[in-house]
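Summary of the model geometry
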Amino acid sequence: TCAYDGRTSLMRPAAALEYDLRMRKRYAMRAKLDAAGDDDDAWAETTKKLGKKANMLVNQLSASQAQVANVSKRTLAMLDQLAKIKDNDTYYHFELDAIANHIVKQGALLRRKVACMFYVADYAVLLCQRHPKLTEHLLGEFYAVCPLTVPRFITAPAPRDHGGAASGGADGERSDDERLMLALGFRAKKDGGMETKEEYFGRQAGVVALFGAFMCAAAAPGRAHPYGVAHAWEYVARVVNFRPPSSTTLLCLNAVLQVAGHALHTAYPSAMRKLMAYIATAWMQLLDDEPAMERLSLYVQRFFAAVKANRTIEPPDGLLYQ
């Protein structure tokens, strides 16, 4: 079963509506930012510098608590300065959007290095704690890049003429399958084709893993988490409740459990045991023989071995604050 078989992906209309509104809000904000720069050389020059600054800062992160703190300090100083500009928050929101964009890009880049997800997640949490508006930009960016971060049904939109390079040309020229693939987050190539399922699954798994790491990275001492473990539990429960299970939901479950399983087991020990028992005895039986099933099966075995030993499943590598 591939991601777009049956013309559906995930589920939960209420959550989907909430996130759809959030995404539309983000794109309305982006449109406002773009319009602000029309025929304005000073805007273009300043935002170019701000975009490069955001990219440089995120790329300087490394798997070191000291380096995360150092880069966070410099990023916060820049955001604090932009937030102080009176009567014009456009540059501030532009930089929040640029930082969110570069953070989410790390998910795809680090998809084979799950241990590295947490230094990016810790950075994101530290910034969102001081600048809560970044959380909205970040959630919108996660959804824009990876629709699988929202458990919901996804159907092919009606044909529209986008005309831009991002859609590979006029949307009306695409088949129903291709339009659905675009809605699911497949990337259109410059030659008009689409990325392969293997490329898509690898990239989306990385973004879902980073999403899970963001929700489960521990907040800095004395500060509330901007989007904590309760949201990770809600996400996992909704993915498992999707019918019928598919390779897409298996991808989501594998990705989020690898980074969030320990935090979920710690926060909800009894509920997590029941959920994992259901996955092992019922949910996995509904799936065809998928290559990724072995990975989930091994995780289930490790989980119940930990329960038998009266402990939580081991935390993933890379947690900086514990």
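Thresholds applied
Residue numbers here run from 1 along each chain, matching the order of that chain's written sequence. Note on the predicted model: pLDDT of at least 70 is required for a residue's local features to be given, and 80 or more for side-chain atom pairs to be given and counted; whole-chain, interface and lining totals, by contrast, use all residues. The side-chain figures draw on all heavy atoms in the structure; neither hydrogens nor water molecules are used. Numbered from the N terminus, helices here are DSSP runs of H or I no shorter than four residues, and strands are runs of E no shorter than two. With a 1.4 Å probe rolled over the protein chains alone, any residue whose accessible area is under 20% of its type maximum counts as buried; one over 50% counts as exposed, and the rest are partly exposed. Contacts are residue-level and defined by heavy atoms, with any inter-residue pair within 4.5 Å sufficient. The method behind every accessible area is Shrake-Rupley, applied with a 1.4 Å probe, and residues are considered shielded solely by the protein chains displayed. We call a pair of cysteine sulfur atoms a disulfide when they lie within 2.5 Å. Here the term patch refers to residues with relative accessible area over 30% and no salt bridge, with like charges joined within 9 Å and nonpolar side chains (Val, Leu, Ile, Met, Phe, Trp, Tyr) within 5 Å. For this analysis, a salt bridge means a side-chain nitrogen from Lys or Arg found within 4 Å of a carboxyl oxygen belonging to Asp or Glu. Positive charges come from Lys and Arg, negative ones from Asp and Glu, while His and the chain ends are left out of the count. Where a charge lies is defined by one atom per residue type: Lys uses NZ, Arg uses CZ, Asp uses CG and Glu uses CD. Here an angle of 0 to 180 degrees is reported between the N-to-C directions of two axes, which are lines fitted to C-alpha atoms, with helices fitted over the stretch in contact. Between 65 and 115 degrees an angle is taken as roughly perpendicular, under 35 as roughly parallel, over 145 as roughly antiparallel, and anywhere else as oblique. Crossing handedness follows the turn of the near helix against the far one: under a right angle anticlockwise gives a left-handed crossing, and clockwise gives a right-handed one. Three categories are distinguished: nonpolar for Ala, Val, Leu, Ile, Met, Phe, Trp, Tyr, Cys and Pro, charged for Asp, Glu, Lys and Arg, and polar for the others, with Gly belonging to the last. Values of bend correspond, residue by residue, to the angle between axes fitted over the seven residues ending at that residue and the seven starting there. Pairs of N or O atoms within 3.5 Å make up the polar contacts considered here, provided that, within protein, one atom can donate a hydrogen while the other can accept it, and that residues adjacent in sequence are counted only when both atoms are side-chain atoms. Take the buried residues of types Ala, Val, Leu, Ile, Met, Phe, Trp, Tyr and Cys, join any two whose side-chain atoms come within 4.5 Å, and each joined set is a nonpolar core. The predictor attaches a confidence to each residue, called pLDDT, with possible values from 0 through 100. The span expected for a helix works out to 1.5 Å for each residue beyond the first.

1. A closer look at the overall build of the protein
Check the secondary structure of the protein and you find 12 helices and zero strands. Seen in sequence order, the protein has helices and strands lined up from the N terminus as α-α-α-α-α-α-α-α-α-α-α-α. Looking at the protein as a whole, 48% of its 322 residues qualify as buried. Expressed as a percentage of contacts within the protein between residues at least 6 apart in sequence, the contacts between residues at least 24 apart total 70%. As displayed, the protein has an accessible area near 15,200 Å², and 52% of this comes from carbon and sulfur atoms.

2. Some details on unusual backbone geometry
Despite not being glycine, Asn 310 shows a phi value in the positive range, around 60 degrees. Take Asn 310: it is sitting in the segment after α12 (293–308). Assessed through its relative accessible area of 74%, Asn 310 is described here as exposed.

3. Focus: the state of the cysteines
Here, disulfide denotes a covalent bond that connects the sulfur atoms of two cysteines. Under the defined criterion, the tally for this structure stands at zero disulfides. Unpaired in terms of disulfides, Cys 146 finds its nearest cysteine sulfur in Cys 252, a separation of 6.6 Å.

4. Let's talk about a positive patch on the surface
Among the surface-exposed residues, Lys 105, Arg 111, Arg 112 and Arg 187 lie close enough to one another that they form a single positively charged patch. Considering the arrangement of structural elements, one finds Arg 187 in the loop between α7 (176–183) and α8 (197–216).

5. As for the pattern of salt bridges
This model, assessed by the stated rule, comprises six salt bridges. For Asp 80, the salt bridge goes to Arg 130, with nearest N and O atoms at 2.4 Å. With Asp 80 in helix α3 (residues 65–83) and Arg 130 in helix α5 (residues 117–130), the pair connects residues that are 50 residues apart, well separated along the chain. Notably, a salt bridge pairs Glu 234 with Arg 238, separated by 2.9 Å at the nearest N-O pair. Placement of both Glu 234 and Arg 238 in helix α9 (residues 229–240) is noted, with a separation of four residues, approximately one turn of the helix. Glu 234 sits in the partly exposed class, given a relative accessible area of 32%.

6. Focus on the packing of α5 against α8
The angle between the axes and the distance between the axes are what describe a pair of packed helices. Look at α5 against α8: their axes get within 8 Å of each other, and the N-to-C directions meet at 50 degrees. Between α5 and α8, the interaxial angle falls into the category oblique. Considering only the axes of α5 and α8, their crossing is right-handed. Contacts from Met 117, Phe 118, Val 120, Ala 121, Ala 124, Val 125 and Cys 128 of α5 reach α8 at Gly 206, Ala 209, Leu 210, Ala 213 and Phe 214. Among the residues making up the contact of α5 with α8, the classes are represented as 11 nonpolar, one polar and no charged.

7. Observations concerning helix α10 (residues 247–267)
Residue Ala 260 marks the point of greatest curvature in α10, where the axis turns by about 65 degrees. With 18 of 21 residues buried, α10 is to be regarded as a mostly interior element. Two to three positions downstream of the cap, the backbone nitrogen of Thr 248 sits 3.2 Å from a side-chain oxygen, assigning the N-cap of α10 to Ser 246.

8. Topic: the nonpolar core
Counting residues in hydrophobic clusters, the biggest one holds 90 residues, and the most contacted among them are Tyr 123 and Ile 279. Every residue in contact with Ile 279, bar those within four places of it in the chain, is listed here: Val 240, Leu 253, Met 284, Leu 296 and Val 300.

9. Structural notes on the environment of Val 68
Positionally, Val 68 belongs in helix α3. Classification of Val 68 as buried rests on a relative accessible area of 0%. Considered as a pair, Val 68 and Ala 121 are 53 residues apart in the sequence and their alpha carbons are 9.9 Å apart.

10. Things to note about the confidence of the model for the protein
Chain-level statistics for the protein give a pLDDT mean of 82 and a share of 79% at 70 or above. Confidence drops under pLDDT 50 across residues 1–13; counting only partners more than four residues distant or on other chains, this segment forms 52 contacts.

11. Digging into the side chain of Glu 195
With respect to the secondary-structure elements, Glu 195 resides in the loop between α7 and α8. Of the residues examined, Glu 195 reaches a relative accessible area of 8% and is grouped as buried. Side-chain polar atoms of Glu 195 contact the backbone nitrogen of Arg 187, separated by 3.0 Å. In this structure the side chain of Glu 195 is engaged in a polar contact, spanning 2.3 Å, whose partner is the side chain of Arg 203. Look past the residues within four positions of Glu 195 in its chain and what remains in contact with it is Met 181, Gly 185, Phe 186, Arg 187, Lys 189, Tyr 200 and Arg 203.

12. Details of α3
Note that an α-helix has 3.6 residues per turn; residues three or four places apart therefore point the same way. Taking 1.5 Å per residue, 19 residues should reach 27 Å; α3 reaches 26 Å between its end C-alpha atoms and fits that length. Its buried side turned inward, α3 meets α2 (41–59), α4 (90–109) and α5.

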